[in-house]
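# A closer look at the structure
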Amino acid sequence: MSDTSLKLEKSDRSLVQRLFEAPAIGKMSLVSKITTYSVLWFWALFVIFPIYWVVITAFKDAAAVNQGPFYIPFVDFQPNLDAWRVHLYSDPYCDAYAIGRQLVLLVYNTFAFIVSPVISLQAMEPQICKTYLAFTNSVVIGVAATLLCVSIGSMAAYALARVQYKPKFGNVLVFVLLALGTIVATSYAGIPWYFSTAVGLVLFFLLARAFGKRFKNTLGNGDILFWIISQRILPPIVVIIPIYMMFQAVGLLDTHLALIIVYAVANLPIVVWLMHDFFAGLPIELEESAQLDGASRFGIFWDIVLPLTRPGLAATTLLTLILNWNEYLFAVFLSTSKSQTMPIMVAAKNAGEKGILWWEMCAIIVIMIIPVILMAIVLQRFIARGVLLGAVKG
Amino acid sequence: MLLLVFAIFPTFYSVVFALSRVKFTANGLRFRFVWFDNFLAQFSGNEQAHFLGRLTEISVLGWAFFVAVTAATLWWFFKSFRNGASAIGLVGRFISASMAIFIAFLLGATLLSGNPWGTLMTTMFYVVVGCSVQFLIGTGLAFLCSQPISGKNFFRVLFFIPLMITPLGVGYAFKMVLDITKGPLQPLWDAVGLQNWAWSTDAWAARWFVILGDSWQWIPFIFIVMLAALENVSRDQVEAAEVDGASNVQIFREITWPQIMPVAVTVILIRMIEAFKIVDLPNIMTSGGPGIATESMTLHSYFLWRANDMGSSAAVAYLLLILTVVVCASFFNYIVLGQLRKTK
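Just so you know, these numbers come straight off a predicted model, no measurement behind them. (Residues numbered from 1 in each chain as written. Chains lettered and ligands numbered in written order. Predicted model: local features only at pLDDT ≥ 70, side-chain atom pairs only at ≥ 80, totals over all residues. Heavy atoms only, no water.)

## Digging into the overall build of chain A
Scanning chain A for helices and strands turns up 19 helices and zero strands. When burial is assessed residue by residue, chain A has 46% of its 394 residues classed as buried. Of the contacts formed within chain A by residues at least 6 apart in sequence, a portion of 71% connects residues at least 24 apart. Accessible area for chain A stands at about 19900 Å²; split by element, carbon and sulfur atoms hold 68% of it. (Helix = DSSP H or I, 4+ residues; strand = E, 2+ residues; numbered from the N terminus. Buried < 20%, exposed > 50% of the residue type's maximum accessible area, 1.4 Å probe, protein only. Contact = heavy atoms within 4.5 Å. Areas by Shrake-Rupley, 256 points an atom, 1.4 Å probe, with all protein chains shown as cover.)

Structure follows, in structure tokens:
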């Protein structure tokens, strides 16, 4: 057999050689080709299978789940929509009126948040249709936190890339000491937090000048950037209890605003890191010529810099949105019912006495992960174009 | 640009807040200063078995391992001392060395002596084993994907997706897929005679299955970054080496590996930082069980908080922070910086 193929190929290579050696540079030998494809396809299967299993389980009924594994819809079992009915409309309170109310509240909350972030948002009715509630909560919190985080973060990153900051070592020291003093005063002596904070701030502005003269060493932009990025190392569990106490003190537990603030702060390091990279890569000449023409600093940022970094900005926004959507630990501490997000609601399903109703669970997981998968596919295009990788490579 | 101050203030405030919180026990909302009692309880009190593991009855093998690692660490420390490292460098090395000796002691006293682990060692297990497994598989896949194959974009998109899926969803999906009686692998369990086996009651099996779920989610991250690094390796050098008749192994070792090494160590560092924070997966898949076998430190702290023991909860959280910072900083200083210097 090998003889005939040898003749056909008009080659003096033996069978072993043809199997193991590449025919030309930049090509692969037969064996390595087969191995490569089989490993890649095996992994593709491994990646797809859990997702596939969740999706088909969402269309099963109790019998199809409990009587052993069934793999293929319409062949092994008859798919039905029981699980979806539970979540989307068999709830007696969840009629068109309830959904309409949710939407009105959604619009109202968004509007109220833009007008004045400090007023407490109108709570969405906790009893009405938990799926819609959690979904709208997730959307409101995710989008608001992302916008807040990206706008603050990109401005901070631009400032760090273009303006030289030289905070004096003494000032930083004063700030740390006063913050510490404020906290000790609040927790021991029982002084109200707003009073101690105000006194602390006043003292800071008074003492800053004096201490600044004493300790002349200054920190640079690099130090600030490193400090911001190093926040990533901080495990969230460390700060979560103080944050919980803080929000308890100001009465913001279980509100959207609390989660929005925390998410925005938690993702700030990533945004600053990524955006700083994009801004630093821009040619500075453009901005200088705009400055000569009399553009303001903010004008330059808005009209010139942001349009130039649009792909980077889009990728960062998307990444932040996904991270906010998936966040679990902060939400489990800070929200109980009204501001429950999707992951919390899914986890709460586990607590029932009947054990986990897998088909209902799967339906809700599908609802939870579809937006993320769509966003991931879009985000992947940016990564493939190398937009995000410069930052990852550090 | 004053916004910079507003951006940093909340983060900073919470960090400082947390720092001082540790010294208090929360009793309702009144605080009592108890020095380091919360910390000491983790190391010596009744919480010791939970946090560190059971430390009695240390076997000969455990002692031998501990002595060997201690000797090696001390030798390394004195070598750098003799080579005239700076004062700060010495302090850093001292901290790293103490941490290494401490972890070696725990390893010898628990694993090698047949005693159960505490949450600290479980966290280290997730970090060390998880990172190694994920790095090896992720880099392997990236290498295969960087070969001239068709359908590269398809694989790239597909392999990227798990990274972005909600970790909670991943936990439930794996709990379901790995179910012995109702899961899709049931014929397989039957075939190997394990139909009555409950992996969630077997400490080691449970730990490995948590790592399996974690790997499913995080291998894509390493894959994506390493693929980009591999595609940046200059084709000219590789082709020149091929013309000169170098074998594939030689090409990989001499040309490709040195070029991707800086990215590789950086990606491991980032992955390590994230791995220390693992909480969703063990919480969902096993609730930390059997016993405390799969409980990570974050989960430990969360359970303590749920039991209204805020002081201990904060203490565990702080110990996690110390562990993370020391391990990551050691890795950064001795390995990442070393590699970066070598390439420059």
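## Here's the deal with helix α8 (residues 167-177) of chain B
The buried count for α8 of chain B comes to nine of 11 residues, which makes it a mostly enclosed element. Those residues of α8 of chain B not exposed but buried are Leu168, Gly169, Val170, Gly171, Tyr172, Ala173, Phe174, Met176 and Val177 of chain B.

## Focus: the interface of chain B and chain A
Contact residues are listed per partner, giving 88 residues for chain B and 90 residues for chain A. When chain B packs against chain A, the two sides together hide about 8600 Å² of surface, and 82% of this comes from carbon and sulfur. Applying the counting rule to chain B against chain A returns zero salt bridges. Where chain B touches chain A, the interface holds six residue pairs in polar contact (both at pLDDT 80 or more). Ranked by residue count, the leading element in the side of chain B that touches chain A is helix α1 (residues 3-21) of chain B, at 16 residues. Among the residues making up the side of chain B that touches chain A, the classes are represented as 62 nonpolar, 17 polar and nine charged. (Buried area = accessible area lost by both parts, 1.4 Å probe. Salt bridge = Lys/Arg side-chain N within 4 Å of Asp/Glu carboxyl O. Polar contact = N/O pair within 3.5 Å; in protein donor to acceptor, adjacent residues only side chain to side chain. Nonpolar A, V, L, I, M, F, W, Y, C, P; charged D, E, K, R; others polar.)

## Comments concerning the side chain of Thr166 of chain B
Position of Thr166 of chain B among the secondary structure elements: in the loop between α7 (152-164) and α8. Of the residues examined, Thr166 of chain B reaches a relative accessible area of 0% and is grouped as buried. Other than its neighbours up to four places away in sequence, Thr166 of chain B contacts Trp325, Asn326, Pro343, Met368, Ile369 and Val372 of chain A.

## Things to note about the pattern of salt bridges
It is possible for side chains of opposite charge to pair when their charged atoms get near one another. All names here are of chain B. Taken as a whole, this structure holds five salt bridges over all chains when the rule is applied. Salt-bridge contacts for Lys152 lead to Glu231; the nearest nitrogen and oxygen are separated by 3.8 Å. Remark: Glu231 occurs in helix α10 (residues 203-232) and Lys152 occurs in helix α7; sequence separation between them is 79 residues. The salt bridge partner of Arg271 is Asp214, with a shortest N-O separation of 2.9 Å. Remark: Asp214 occurs in helix α10 and Arg271 occurs in helix α12 (residues 248-275); sequence separation between them is 57 residues. As far as the burial class goes, Arg271 and Asp214 line up, both buried.

## Some points on the environment of Tyr108 of chain A
Residues and elements named next belong to chain A. With respect to the element layout, Tyr108 can be found in helix α6 (residues 96-115). For Tyr108, a relative accessible area of 41% gives the class partly exposed. Sequence separation between Tyr108 and Leu374 is 266 residues, and the spatial gap between their C-alpha atoms is 27 Å.

## Describing the packing of α8 of chain B against α10 of chain B
Each pair of packed helices gets described by two things: the angle between the helix axes and the distance between those axes. All names here are of chain B. The geometry of α8 relative to α10 is characterised by a closest axis approach of 10 Å and an angle of 130° between their N-to-C directions. When the axes of α8 and α10 are compared, the pair comes out oblique. Two packed elements cross with a definite hand, and for α8 against α10 that hand is right-handed. Residues Pro167, Val170 and Phe174 of α8 lie in contact with α10, whose contacting residues are Leu212, Gly213, Trp216 and Gln217. (Axes fitted to C-alpha atoms, helices over the stretch in contact; angles between N-to-C directions. Parallel < 35°, antiparallel > 145°, perpendicular 65-115°, else oblique. Left-handed = near helix turned anticlockwise from the far one by under 90°.)

## Considering the state of the cysteines
Applying the stated criterion to the full structure yields zero disulfides over all chains. Here Cys131 of chain B stays free of any disulfide, with the sulfur of Cys328 of chain B as its closest cysteine sulfur at 8.8 Å. (Disulfide = S-S within 2.5 Å.)

## A word on the side chain of Asn267 of chain A
Relative to the elements of secondary structure, Asn267 of chain A occurs in helix α12 (residues 256-280). Residue Asn267 of chain A is classed as buried on the basis of its relative accessible area, which comes to 7%.

## Points about the confidence of the model for chain B
Residue and element names in this part refer to chain B. When the pLDDT values of chain B are averaged, the result is 78; 84% of them are 70 or greater. Looking across chain B, the model is least confident in strand β1 (residues 24-27), with a mean pLDDT of 43, and most confident in helix α6 (residues 119-145), with 90. Low pLDDT, under 50, characterises residues 17-30; the predicted model gives this stretch 37 contacts beyond four residues in sequence or across chains. As a predicted assembly, this complex carries a pTM of 0.80 together with an ipTM value of 0.80. (pLDDT = per-residue confidence, 0-100.)

## Quick word on the nonpolar core
Counting residues in each nonpolar core, the largest one holds 195 residues, and the members touching the most others are Phe333 of chain A together with Tyr172 of chain B. For this core, the element with the most residues is helix α18 (residues 358-384) of chain A, which contributes 18 residues. Discounting residues that sit within four places of it in the chain, Phe333 of chain A has contacts with Ile237, Ile240, Ile241 and Tyr244 of chain A together with Tyr302 and Trp305 of chain B. (Core = buried A, V, L, I, M, F, W, Y, C linked by side-chain atoms within 4.5 Å.)

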